[in-house]
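# Residue-level structure breakdown
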Amino acid sequence: MASPVGEDNWVDYVDHQLREATDLDARVRVIESFNDAVLAEPGSIKVWMAYCEYFWSLYNDCQPVSDAGWSPDEQELGRAMFTIDAALNLWQRGYEAVQYRLSDSNELWDRWISLEMELLRRTVTEAGVRRITQLFRNRLTVPHATWDRTSQMFSNFLSEYNRQAYESEMEQITRSAKNAKRLYALRDPFETKLSLAVKSGTTAAVRAEMLEYIDWEIKQHKGKRDALDNFKICLGLFSRALTGVLASDDTTWLNFITLVSTSQSDLKAGRARISANLVPNMLDVLRRAVHHIPWSGPVWARYILAAEEAVLTFADVERIKHAATNSPQLDRDGMTGVLDMYSAWCGYLKRTAMNPKASEEAVDVAEVGLSSALEDVKHWGQRKYGENYQGDPDYRLEKILIQFLTEKKEDIEGARAIWQELSQIPLHANSYDFWLNWYLWEMVVFTAHRAKLRSPTPNTQAQGLLVPSLATRVFTRALKVRTLDWPERILQVYLKHCNDYELAETLREAHDTIYKTRKGVEKRREREAWQAAEAAQQAAAAQEQAAPVDNSEDVPMTDASGSTSPGSKRKREPTPAEDDAANKRPRSETNGEDVKRDREHNTVFLWNLPADATQTKIKQFFREYGHINNIDLKKGNDDAVALVEFRHSDDARAALIRDGKPFGERIIQVTPAIDCTLFVTNYPPDADEEYLRNLFKHHGEIHSIRFPSLKENAKRRFCYLTFRERASAEAALKLDGKALGGRCKLVVKISDPAHKQHRQGAQEEDRELHVLNIPRSMKEDEVEGHFGKAGKVASVRIPYPGTAFVVMQTKEEAQEAIKLLDKAMFGQNPIKVELSMPRGMKKKTATTWGADGADAGSPGSAAPTSTEPTTSSGAFKDRKVVILGIPDTMNEARVGNLLKPAGEFVKLTLHTRHGGAIVEYRDAASAGKAGLVIDGLEVEAGGGSSQKLRVGTTEELFQSKGEKKVAGSDVSAKAEPEKQQRKKLTAAQLMPPPPTINRPQVLGRSKPKMGMGAPGLGVRANGTAQAGPAPGGGGGQKKSNADFRSLFLVGGNSGGGGEGGGKVEGKKAEENGSKE
């Protein structure tokens, strides 16, 4: 019978054995099955709980007072096997295996400690009290969800059994558990989201939250801080994932395998900050992995490689290979898994045979094994796909066999026959890479065997030179293939080869061949470019006909029921003469019909770029096709994809001609990015890039998410989400109208600025005037009569006393009203007349957010909007934390959620224009702790990048200019360094001070000295002037009324002449300032 897979199957399997166990031998077999289960699922809390509970029941059943029905002989044997020490040790083993499962390890711990305390109650001993005390100490230094409950249990235990040491023990545990509580606080948001997903009963939601949690935890493991604890917690999280919803997830298993492999490499290199006994055994991990995901070729390949590295016998490695081929699921995802596994197996055979110490038997086994592996894969592919199967695109197995025959067997003709056989397959014949590899092999063979052939003497004629004619023949065969993907590269290498090695006659023939072939290639490229341009034009025409309207302005947030969100701005009521359309426009919109930036129609995708591609190389690639506004380059392990934005749509269409052209060593694809970008709004205020990626990831691969800058309008809440496929964007439109969290109804549209609805109204037409300081008793008809001097008034509205909005009939009349009436008297008041500006254009440099999540700056909020409280400035300084380096795309809700793990705060004031925030806490201690957590915290900066927050001062915050966007690239420059933020010295400050002049007394009265020797100025040692203490003790700060009064009193007293008088006056000024 095959072994069970998964914790539930193991528990069911052992439970079935347990019910049939009626004698001691059967019970021992159950224990052996449990041992197998914990080896297969070492981090499963279900398996360990079942194992420990069963063993504990056997301990109780074999006692003389038990009524389980055991015979006396069985009880006697059982007492020798199932002892109390063995039972408690098993509980301890189980706890140590699952203790870093933060959410549910308490299940096993609570049961274990209850049994320990039950035994202590039966017989209270000092050793027993010490044992349980130590168990509690160890448990409380491990982060877990029920830490408070465990602490209360410890408190109750001390009160009952060790009251005299209560205070010292609790004080000690409070100090030693600080780190555990801090580590759990950092993970609490993820645990909360995961718990909510579990309660929802949606498997997809649980998977998404767990994957997000794992990605974050892996990043923590890479850091230097808390390396040991982070590694243990990371292993505990993988235990939860791989015994739960992700037990059959390829990516999670590969992440875990990579973590273990990297840790082992670090240990060998001496870079690890963890002990070797903590790292799981690689073979055990891979054995478990192939049971859970038997269709994964990369995992089978790693299993074979790990077995080779562990120096297992040939029979053991072959057993792994046979287990893979016997698995009916190996080709579940096509031939990829089969090829990955066979590549690893053939690589093992080749390395074994090519070892200088290899036996003849090993060489023979490799020769037979490599040939049979090729046949097996060929038959497997034909059985699955029929005659359409053309083999491995990378011909990995054939390369291994060619290397073996060339280097080990020296069978050159046999190896060449494999190349020739491959060249008959269109999959390889159409690839320039195949022909270049064949050519390089021929050159290696030629060079290696050149010395064995007869070398020419100095008098030998040119016709007698040794030339690599077989390598030359590779090129002539390649150029006969009409469908070759990159013939230009073959032509280039062909000519260079003939110049370097061939005779004159062959070189002349090569020139002829290259000339004729190049003409044909040029015609082919022109035909392909025309076809690509036609396809792009058809796509653009279809887009113009079917494009939906894109409301890419700031829209009011609506909840799921359709009502306006409480946090959104309440628009002012329109005047009677205005259109019904909303009268708010973006800051960038001008009065004229300016050309808008149209990213959606001016961008193209570049596929199959090399991994070392850069933005500079991409610009050079398109240098003849127009100006590039922006390049969004995303790099993978082996390749890269770029989204390139041109200035004009014509440039983007012309760039499609570059499709199929070489970029370095690769042929790239250029496709239009039309209809790939979505305009998304009305999502929750605290939604970040990860939230949106998880929301849309099931519809296709997301290339990028672009948030707007909040520097000019902190209330903006929309983004542009770009998919890599048009079909994915269309599929994601299904989310339009989806209710999120019961408050927001998501808006998802295809982004198209050309179809954006422009807002109209008096304000947009510059006909509305904003009038300030009108007499508070004035009525609307009086205001209308006053402005009638400049033209016809369409409407007047007085929202509150002293302020009016006047709409003129035309724009010219509005300008005339400003010219005539601005600063003119109206009644007894001088009034101010200006054009009315939309609220979105009013610069709001800071927004305030309360600890409860409410926007303190919203209309309905009672919280003050000032950044400094009215309490003592010294007390506030101790309670505040100034954060620098916040991206300008983060709103106050996202920043608030980011800071919650650092502790509860009273108020957060976000300064988007300066890239920072001021956070107020309840007391200085909370602020200090929060500062330690926040400093160095990584946040998303957009475009898949991240940046670190840092804690600074208020002066640094307001000197900072926040992020700077670099034109033409997707890189955001970070805030200016501290040295650059300092103000430069002026020319006056750099000049040396003038000499001191002692002026004579005027009319016998001594005046205060106001020159360089005055008390208000000081002189540094290097002669540069600097501010000295002011008479009132201000020291360069703003002078108060008391300071000015002191100056006035000093000026009215005479203190003698010369320098002595100046000193006396300075002393009096200080005394007067102190009295004030």
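Not measured: the values here are computed from a predicted model.

## Let's talk about the environment of Ser 751
Mapped onto the elements of the fold, Ser 751 is located in the loop between β12 (747–750) and β13 (768–772). A relative accessible area of 2% means that Ser 751 is categorised as buried. Sequence separation between Ser 751 and Leu 678 is 73 residues; the distance between their C-alpha atoms is 5.0 Å.

## Some remarks on the pairing of strand β20 (residues 880–884)
Taken across its five residues, β20 has five buried, putting it largely inside the fold. Here β20 shows no split at all, with Lys 880, Val 882 and Leu 884 on one side and Val 881 and Ile 883 on the other all buried. Sheet analysis places β20 next to strand β25 (residues 950–952), joined by three bridges and oriented antiparallel. Within the sheet, the bridge partner assigned to Ile 883 lies in β25 and is Val 951.

## As for the packing of helix α7 (residues 126–140) against helix α8 (residues 147–161)
Taken N-terminus to C-terminus, the directions of α7 and α8 make an angle of 160°; their axes are 10 Å apart at the nearest point. By the angle between their axes, α7 is roughly antiparallel relative to α8. Judged by the sense of rotation from one axis to the other, the crossing of α7 with α8 is left-handed. Where α7 abuts α8, its residues Val 129, Ile 132, Thr 133, Phe 136, Arg 139 and Leu 140 lie against Trp 147, Thr 150, Ser 151, Met 153, Phe 154, Phe 157 and Tyr 161. Broken down by class, the residue content of the contact of α7 with α8 amounts to nine nonpolar, three polar and one charged.

## Some words on the sheet that holds strand β6 (residues 669–672)
What holds strands together in a sheet is hydrogen bonding between their backbones, with the strands either parallel or antiparallel. Spatial strand order, β2-β3-β1-β6: four strands in an open sheet with antiparallel pairing. Unpaired on one side and paired on the other, β2 (628–635) and β6 mark the two borders of the sheet. Strand after strand, the sheet turns through a mean of 20° between neighbouring axes, direction not considered. Judged from the four bridges that link them, strand β1 (residues 603–610) and β6 form a sheet pairing that is antiparallel. Across the sheet, Val 604 pairs through a bridge with Pro 672, a residue of β6.

## A short note on the confidence of the model for the protein chain
Confidence along the protein chain averages 80 in pLDDT terms, with 78% of residues attaining 70 or more. The least confident element of the protein chain, judged by mean pLDDT, is strand β28 (residues 1017–1019) at 38; the most confident is helix α15 (residues 297–309) at 96. Low pLDDT (under 50) marks residues 548–595, which in the prediction has 109 contacts with non-local residues, meaning those over four places away or in another chain. pLDDT under 50 marks residues 1048–1076. Its contacts with residues more than four places away, or in other chains, come to 41 contacts.

## Describing α15
Compared with the 18 Å implied by 1.5 Å per residue over 13 residues, the 18 Å span of α15 between its first and last C-alpha is a close match. Listed as buried for α15 are Gly 297, Val 299, Trp 300, Ala 301, Tyr 303, Ile 304, Ala 306 and Ala 307. In this structure, the buried side of α15 is in contact with α13 (250–269), α14 (282–292), α16 (314–325) and α17 (336–354).

## Some words on a negative patch on the surface
Residues Glu 780, Asp 781, Glu 782 and Glu 784 make up a contiguous surface patch of negative charge. On the basis of relative accessibility, which here comes to 55%, the residue Asp 781 falls in the exposed class.

## Remarks on the packing of aromatic side chains
In this structure the tally under the stated criterion is 43 aromatic pairs. A ring pair is formed by Trp 109 and Trp 112, whose centres lie 5.9 Å apart and whose planes are at 90°; its orientation type is edge-to-face. In this pair, Trp 109 and Trp 112 are both assigned in helix α6 (residues 106–122), three residues apart and thus about one turn of the helix distant. The pair Trp 109 / Trp 112 is uniform in exposure class, with both members buried. Taken together, a centroid distance of 6.4 Å and an interplanar angle of 80° make the contact between Phe 905 and Tyr 921 edge-to-face. One end of the pair, Phe 905, is in the loop between α33 (892–899) and β21 (907–911); the other, Tyr 921, is in the loop between β22 (916–920) and α34 (924–934), with 16 residues separating them in the sequence. The exposure class of Tyr 921 is buried, given its relative accessible area of 0%.

Cut-off values and rules
Residues numbered from 1 in each chain as written. Predicted model: local features only at pLDDT ≥ 70, side-chain atom pairs only at ≥ 80, totals over all residues. Heavy atoms only, no water. Helix = DSSP H or I, 4+ residues; strand = E, 2+ residues; numbered from the N terminus. Buried < 20%, exposed > 50% of the residue type's maximum accessible area, 1.4 Å probe, protein only. Pairing = 2+ DSSP bridges. Axes fitted to C-alpha atoms, helices over the stretch in contact; angles between N-to-C directions. Parallel < 35°, antiparallel > 145°, perpendicular 65-115°, else oblique. Left-handed = near helix turned anticlockwise from the far one by under 90°. Contact = heavy atoms within 4.5 Å. Nonpolar A, V, L, I, M, F, W, Y, C, P; charged D, E, K, R; others polar. pLDDT = per-residue confidence, 0-100. Expected span 1.5 Å × (residues − 1). Patch = residues over 30% accessible without salt bridge, like charges linked within 9 Å, V, L, I, M, F, W, Y side chains within 5 Å. Areas by Shrake-Rupley, 256 points an atom, 1.4 Å probe, with all protein chains shown as cover. Salt bridge = Lys/Arg side-chain N within 4 Å of Asp/Glu carboxyl O. Lys, Arg positive; Asp, Glu negative; His and termini not counted. Charge placed at Lys NZ, Arg CZ, Asp CG, Glu CD. Phe/Tyr/Trp six-rings, centres within 6.5 Å; stacked < 30°, edge-to-face > 60°.

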